[in-house]
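One-letter residues, chain by chain:
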Amino acid sequence: MSRYNSSVLLLLLALALSESSVVLSKWHVHIVNGLSNNTILNVHCQSKNDDLGWHALAAEEDFNWAFHMNIFRTTLFFCYMQWKEVKGSFKVFSVDMGLHTICYDSVCTYRAEEKGVYVYNESMKGYLLVYLWP
Ligand SMILES: *[C@@H]1O[C@H](CO)[C@@H](O)[C@H](O)[C@H]1NC(C)=O
Ligand SMILES: *[C@@H]1O[C@H](CO)[C@@H](O)[C@H](O)[C@H]1NC(C)=O
């Protein structure tokens, strides 16, 4: 193989590896009940293939799970959330969400509060309001 061909091959290999880190990573999603007055947060998360069921979270309780992105990178999780008479459903994980900032180091952390749902953003080093309750 010529020197040219082997460097092209190396370049392609490097590209394939950087693209596939999204697929190779083990992703973790956390949902934390940040509501006041010991209000219970009910959470039901699912993807096309995984139904994680309903979970009743006490104050500051953390529901979390881990998974791999499918090779087509189409894995999408969403969660129904309900507290008192408030309910909503939100996308919590998909490849188009800016995973390098909101799922830094493969960990995505959501916090439900009275106003809406916040996600931890590593570039801001803080929580960002991403969903308002309907
Ligand atoms: C907690 O109680 C305060 C004062 O009554 C109220 O304003 C607030 O909405 C309550 N929060 C929740 C999550 O019920
Ligand atoms: C995270 O914060 C940075 C800096 O403020 C911002 O540019 C980026 O869009 C945020 N990410 C998301 C997914 O909102």
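In case you missed it, the structure is sitting above this.
What you see is a predicted model; the values in this text were computed from it and never measured. (Residues numbered from 1 in each chain as written. Chains lettered and ligands numbered in written order. Predicted model: local features only at pLDDT ≥ 70, side-chain atom pairs only at ≥ 80, totals over all residues. Heavy atoms only, no water.)

Caption draft 1: Structural view of the state of the cysteines. In total, this model carries two disulfides according to the counting rule given. Between the sulfur of Cys45 and that of Cys79 lies a disulfide, 2.1 Å long from S to S. Here the S-S torsion is close to 105 degrees, and the disulfide linking Cys45 with Cys79 is therefore right-handed. With Cys45 in strand β2 (residues 41-46) and Cys79 in strand β5 (residues 77-83), the pair connects residues that are 34 residues apart, well separated along the chain. Each member of the pair Cys45 and Cys79 is classed as buried. The residue that forms a disulfide with Cys103 is Cys108, at a sulfur-sulfur distance of 2.1 Å. Handedness here is read from the sign of the S-S torsion; for Cys103 and Cys108, about 110 degrees, the answer is right-handed. Cysteine pairing in the protein follows 1-2, 3-4, where each cysteine in a disulfide is numbered by its order in the sequence. (Disulfide = S-S within 2.5 Å. Helix = DSSP H or I, 4+ residues; strand = E, 2+ residues; numbered from the N terminus. Buried < 20%, exposed > 50% of the residue type's maximum accessible area, 1.4 Å probe, protein only.)

Caption draft 2: Representation of the site of ligand 2 within the structure. In the vicinity of ligand 2, the residues found are Met97, Thr101, Ile102, Asn121, Ser123, Met124 and Leu128. One of the side-chain N or O atoms of Thr101 is found 3.0 Å from a nitrogen atom in ligand 2. Take Asn121: an N or O atom from its side chain is 2.4 Å from an oxygen atom of ligand 2. Here ligand 2 has 360 Å² of accessible area as a free molecule, and 49% of this is covered by the chains. (Near = heavy atom within 4 Å. Polar contact = N/O pair within 3.5 Å; in protein donor to acceptor, adjacent residues only side chain to side chain. Areas by Shrake-Rupley, 256 points an atom, 1.4 Å probe, with all protein chains shown as cover.)

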